[in-house]
Every structure is written in structure tokens, then in C-alpha cells.
Amino acid sequence: MSQESNPIDYAVEGPVAVISLNRPEQANAQNRELLIELDKAWDQAAEDDQVKVIILRANGKHFSAGHDMSNSNAQAQFEQDKAEAGMMKLYMHERKHFLGFSRKWRDIPKPSIAVVQGSCIAAGMMLCWPCDLILAADNAKFRDPVVMMGIGGVEYHGHTWEFGPRKAKEMLFTASTITAEEARELGMVNRVVPLAELDSSAMELALQIAKMPAFGLAMAKRAVNQTLDVMGQYTAIQNVFDIHSLGHGNAVAQCGFPVLVDLEKLKQAGKEPKS
Ligand code: ZN
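Undergrad: Give me the lowdown on the overall build of the protein, citing residues and values where you can.
TA: Helix and strand counts for the protein come out as 11 helices and nine strands. A burial count over the protein gives 48% of its 275 residues as buried. Long-range contacts, defined as pairs at least 24 residues apart, comprise 71% of the intrachain contacts of the protein with a sequence gap of at least 6.

Shown next as C-alpha cells:
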């Protein structure tokens, strides 16, 4: 039986580490294996003295479709076991793999560039938000439709910081899509380039940054991140993670499954969500 290939490609080109999401047939949907391998790749880039800049990109048409909700038996069983063991297990799992990973990647003391094409949905944004710069192809689009599942948004609440409060609410309330150009105007995306030039533009930018002294880059990054934290960014993100977890608790209470409130299933059973 053929095994799925490594969900992450890792390469070093001169002073630049290139980490590629590699589940193109699944639109780079994130299963546990992908996240664990991705975390290892970030570690590898962080520890390699040759690497001064990190590029995070994706193979295929789309950056990432978010968490893998294809409900393979193993994944469904995993979530179910967590829920049956009590919400704390699920809470700790998500805290480590979603909130914790994103926070850790955000503070790696080397500049990072997310390179986004096609769809970047829900947890897809949790991979690019921790990066320092975001370069988007002109076909990139961003969306968090998690409210449709009865939960207030993905685990790592970057929305308000990245889009501003009103646009964040509009995006969440309507599950609407933000285009690359709109994301640039809102300040989330640094540059929008034609799709065909995406990788070459990213490498050009990475090599330009790599000419700077590594220590200066690390201190500049820390200065900006520290400022955001003094403004309350990470405290807010942690607090919102607890609100997210309440969404899972509500889903368990309403339909016995922690990942989503299956509105259709509830309707068929003649029930409506209580809130
Ligand atoms: Zn969650």
C-alpha cells in the first residue's frame, strides 16, 4: 500500500530555508502529521546557523484549506476520544498544536515570509499570521467560515489584529472572503504579485533581508513583537482561545461531537441549536 508522502518539504537555498506544505491533492488541509512535521521544519530552520530567513510556502493551487475535516476514521476517533475524556483533553491538545505552535513560530528569532496563493481558509491563516511578512499572489483569498460550525473563529485569533475590528466582525459574521488586494489594503499582506512571479518574488525579498546582520534582524523582530504584546496581543489571543474552546464544549453538549455543531443533522433530528 502506498503511503502518503511527507506532508512537508524542506530545503535550504543559500541563507534561505524553504518550507513547503505538501498535501496539494488535499489543498494542503492540515492533519496532525502535517502540523507535527511543520513544527519540526521550523525547528530545523531555527537551529541551522546557515539559515537567516525562512520562507513558508505551499505546493499546489492552494495555500491551505484549514484543518483537515475529511473525517478520516482515525481523526474522528481521535477527536471523539478527547471529548469523552473531558473537555480538558481537547483543550490541552488544541492549546499545544494550534495556539502553541503558532505562537512558537511567531517568535522564532529569524525573519519569516509566508507565501500565499489560492485559498487560505480558517486554520490556513494560522500558518501565515505567525510569519513576519506575507506575500500574496493576486489570486489569494482569505476566509474564516468557522462561525458556520457554531464556533466563533479559529483557535488563534489574529482576525482583529490583522483586519481591524469592523472587518474582522464582517468576515466572521458573514463568512465572507477577503481578496489579496483587500488584505493588502487592510495591512495584513505586505505585497501582492502575479501568481507566476510568486516564488521568485519571495526569494528575491528573502535574499534582500538576508543581507542584513542576523542579530539586527532578530532584535528588530523582537522589538515589533514585543510592542504588540505590550499592546495586549497575545493576552487577547489566549483569552479568545478560551472562547473558542467554549464553542467546542457547546458542540459536544448539542450534538455530542466537539468539532462542529452539525446544523443539518440537528435539523433532520427535529432539533434546533439552543443558542
Ligand atoms: Zn478548535
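Undergrad: Pulling in residues and values, what's your account of helix 10 (residues 233–255)?
TA: Residues lying three or four places apart along an α-helix face the same way, a consequence of the helix completing one turn every 3.6 residues. In this model, helix 10 (23 residues) spans 33 Å end to end at C-alpha, consistent with the 33 Å of a helix rising 1.5 Å per residue. Residues of helix 10 that are buried include every one of Q233, Y234, I237, F241, H244, S245, G247, H248, A251 and Q254, and no others. One or two steps after helix 10, the chain reaches G256, where phi turns positive at roughly 75°.

Undergrad: Break down unusual backbone geometry for me, with residues and values.
TA: Trans is the common state for peptide bonds, and a negative phi is the common state for residues other than glycine. The backbone of N28 sits at a positive phi, close to 55°, despite the residue not being glycine. Looking at where N28 falls in the secondary structure, it is placed in the loop between strand 2 (16–21) and helix 1 (32–47). With a phi angle near 45°, A122 is a residue other than glycine that sits in the positive phi range.

Undergrad: Account for the environment of L198, naming residues and giving values.
TA: Among the secondary structure elements, L198 is positioned in helix 8 (residues 198–210). The class of L198 is buried, set by a relative accessible area of 4%. If we ignore the near neighbours within four places in the chain, the residues touching L198 are V115, V116, Q117, L135, A136, A137 and V193.

Undergrad: Let's hear about the sheet that holds strand 5 (residues 119–121): which residues, and what values?
TA: Judged by pairing direction, the sheet is mixed, and its three strands sit side by side in the order 5-7-8 without closing on themselves. With partners counted over all chains shown, the strands left at the sheet margins are strand 5 and strand 8 (178–179), one partner each.

Undergrad: Give a description of the pairing of strand 4 (residues 112–116) that names residues and reports values.
TA: The buried fraction of strand 4 amounts to five of the five residues, a majority that puts the element mostly inside the structure. Burial along strand 4 is two-sided: the face carrying S112, A114 and V116 and the face carrying I113 and V115 are both buried. Strand direction decides the pairing type here: strand 4 and strand 6 (residues 133–137), joined by four bridges, are parallel. Looking at strand 6, one finds that A114 is bridged to I134.

Undergrad: Kindly report on the environment of D242, identifying the contributing residues and their values.
TA: Looking at the element boundaries, D242 is found in helix 10. According to the relative accessible area criterion, D242 is partly exposed, its value standing at 39%. When the C-alpha atoms of D242 and E155 are compared, they prove to be 8.7 Å apart, with 87 residues separating the residues in sequence. For D242, the side chain forms a polar contact with the side chain of Y91, separated by 2.6 Å.

Undergrad: Describe in detail the sheet that holds strand 6, supporting the description with residues and values.
TA: The strand order across the open sheet built from six strands is 1-2-3-4-6-9, with neighbouring strands paired in mixed fashion. Strands with a single pairing partner mark the edges of an open sheet, and in this sheet they are strand 1 (8–13) and strand 9 (191–193). Averaged over all pairs of adjacent strands, the angle between their axes in this sheet comes to 20°, without regard to strand direction. The pairing of strand 1 with strand 2 spans six bridges and is antiparallel. Bridge pairing in strand 2 places D9 opposite S20. The sheet contacts of helix 1 involve strand 1, strand 2, strand 3 (53–58) and strand 4, and relative to strand 1 the element is tilted by about 15°. Where helix 8 meets the sheet, its contacts fall on strand 1, strand 2, strand 3, strand 4, strand 6 and strand 9, and the angle it forms with strand 4 comes to roughly 170°.

Reading the values: the criteria
Residues numbered from 1 in each chain as written. Predicted model: local features only at pLDDT ≥ 70, side-chain atom pairs only at ≥ 80, totals over all residues. Heavy atoms only, no water. Helix = DSSP H or I, 4+ residues; strand = E, 2+ residues; numbered from the N terminus. Buried < 20%, exposed > 50% of the residue type's maximum accessible area, 1.4 Å probe, protein only. Contact = heavy atoms within 4.5 Å. Expected span 1.5 Å × (residues − 1). Pairing = 2+ DSSP bridges. Polar contact = N/O pair within 3.5 Å; in protein donor to acceptor, adjacent residues only side chain to side chain. Axes fitted to C-alpha atoms, helices over the stretch in contact; angles between N-to-C directions.

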